[in-house]
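Here is what each chain is made of, one letter per residue.
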Amino acid sequence: MRKVYKPVLILVIVTMVIGSFSAKASTVSASGKTSGADLDVGLKVMTYNLRYLNDSDPSPHTWAERLPAIKKLIRKEKPGIFGTQEVLYQQLKDLEGSLPKYEWIGLGREGGSKGEYSAIFYNEKRYTPLEYDHFWLSDTPNVVGSKTWGNSITRMVTWAKFVDKKSKQKFYVVNTHFDHESANAREKSAELILEKVNEFDSGLPIVLTGDFNAGPESVPHQTLTSEGAFDDLWEAAEVKINADLGTANGFEDPNGGGPENRIDWILAKGGISGHSIEILNYRKNGQFPSDHYPVIANMTMSH
């Protein structure tokens, strides 16, 4: 015999199901912001200028001497993704051998394996790249090795679209290294990045990492954090560690040049909340792993 449910009973069941779903999907924090405990996806990102391999850095600043300290720092901090600057192909291969959990995406700024990379490393067990590409910071961004804004060194951007294997959340990571000499190049580079990321899927979060060779009061920073653009996670994060430091230590300054020299940034947009951010002033027995301090941020993406 087929069962017949009374309308009142149906209404009670539906109400209970909807209430249960709503409780899981949306909880209100003490700050009054809505956060989905089952829907927020954690992400730990680092930016790190590793100092290029060369024959002029004296001991203990040679690449061979610094590599163990860099490996130890990355293994200790365990970023899910980290953007690098100034690395040459040999350095990438050395890092690849030292960090077996990570794969990398990148292209030399002069094309192929020539020149410095702005490579993106990612934990391959956690993330899968769905697509990636590069563009050059010039009036002709699709021309490999191009430079047109007064900078003597070629500058570029590497970007990738990832998916979190567990949550299926998709997001972008953009990594770059702005010019150290030309203010015009830095300003135009910021404008070009905003133009390019507007071509991405507008519904997905974007994280921008890099050495911007400019402080937090600069025009490039103002451009990139203008209304509707990115948030600087250093300013937005709930917890800031080593706020009295800069990021350019030059292998000798424990203060990293002070806060006005916070030239390495992690910016974000599109449903990302920053929880903590830190300038990592780690030294191994007094040795600086690089002439820059890395910056690392813990964040969540709304899924």
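Residues numbered from 1 in each chain as written. Predicted model: local features only at pLDDT ≥ 70, side-chain atom pairs only at ≥ 80, totals over all residues. Heavy atoms only, no water.

Caption draft 1: Focus on the nonpolar core. Membership of the largest hydrophobic core comes to 29 residues, with the highest contact counts inside it found for Leu-43, Ile-81, Phe-162, Phe-171 and Met-299. Mapped by element, the contributors of at least two residues to this core are β3 (40-49), β6 (120-123), β8 (156-164), β9 (170-177), α6 (233-236), β13 (264-269), β14 (272-279) and β15 (295-302). Per-element tally for this core: the top contributor is β15, with four residues. Contact partners of Ile-81, with chain neighbours within four places excluded, come to Leu-43, Lys-44, Val-45, Met-46, Ile-120, Phe-121, Tyr-122, Tyr-127, Phe-162, Phe-171 and Val-173. In this structure, Leu-137, Trp-159, Ala-185 and Ala-229 belong to the second largest nonpolar core, which totals 25 residues. (Core = buried A, V, L, I, M, F, W, Y, C linked by side-chain atoms within 4.5 Å. Buried < 20%, exposed > 50% of the residue type's maximum accessible area, 1.4 Å probe, protein only. Helix = DSSP H or I, 4+ residues; strand = E, 2+ residues; numbered from the N terminus. Contact = heavy atoms within 4.5 Å.)

Caption draft 2: Looking closely at unusual backbone geometry. In this structure, the amide linkage connecting Ser-59 to the following residue, Pro-60, adopts the cis form with an omega of 10°. Even without being a glycine, Lys-78 presents a positive backbone phi close to 55°. Turning to its location among the elements, Lys-78 is positioned in the loop between α2 (63-77) and β4 (81-85). Classification of Lys-78 as exposed rests on a relative accessible area of 56%. A positive phi angle, close to 50°, is found at Asn-285, a residue other than glycine. Assignment of secondary structure puts Asn-285 in the loop between β14 and β15. Among the residues examined, Asn-285 registers a relative accessible area of 79% and is labelled exposed.

Caption draft 3: Up close: the sheet that holds strand β10 (residues 206-211). Strands sit in the order β7-β8-β9-β10-β13-β11 across an open sheet of six strands; the sheet is mixed. With partners counted over all chains shown, the strands left at the sheet margins are β7 (127-136) and β11 (231-232), one partner each. Two elements, β7 and β8, share nine bridges in a ladder whose sense is antiparallel. When the bridges of β8 are listed, His-134 appears paired with Thr-158. (Pairing = 2+ DSSP bridges.)

Caption draft 4: Local environment of the pattern of salt bridges. Applying the stated criterion across every chain, the model contains nine salt bridges. Note that Arg-51 and Asp-291 form a salt bridge whose closest N and O atoms lie 3.9 Å from each other. Of this pair, Arg-51 sits in the loop between β3 and α2 while Asp-291 sits in the loop between β14 and β15, and the two are 240 residues apart along the sequence. What makes Arg-51 buried here is its relative accessible area of 16%. For Asp-291, a relative accessible area of 13% gives the class buried. One salt bridge connects Glu-96 with Lys-93, and the closest N-O pair in it is separated by 2.9 Å. Remark: Lys-93 and Glu-96 occur in helix α3 (residues 89-98); sequence separation between them is three residues, near one turn of the helix. Among the ionic contacts, a cluster of salt bridges with common partners joins Arg-51, Asp-57 and Asp-291. (Salt bridge = Lys/Arg side-chain N within 4 Å of Asp/Glu carboxyl O.)

Caption draft 5: Structural context of the packing of aromatic side chains. Tallied over the full model, the rule gives 13 aromatic pairs. Consider the rings of Trp-104 and Tyr-117, whose centres lie 5.8 Å apart with planes at 85°: the pair is edge-to-face. Of the two residues, Trp-104 sits in strand β5 (residues 102-105) while Tyr-117 sits in the loop between β5 and β6, which places them 13 residues apart along the sequence. Like Tyr-117, Trp-104 is buried. These aromatic residues form a ring-pair network of at least three members: Tyr-122, Tyr-127, Phe-162 and Phe-171. (Phe/Tyr/Trp six-rings, centres within 6.5 Å; stacked < 30°, edge-to-face > 60°.)

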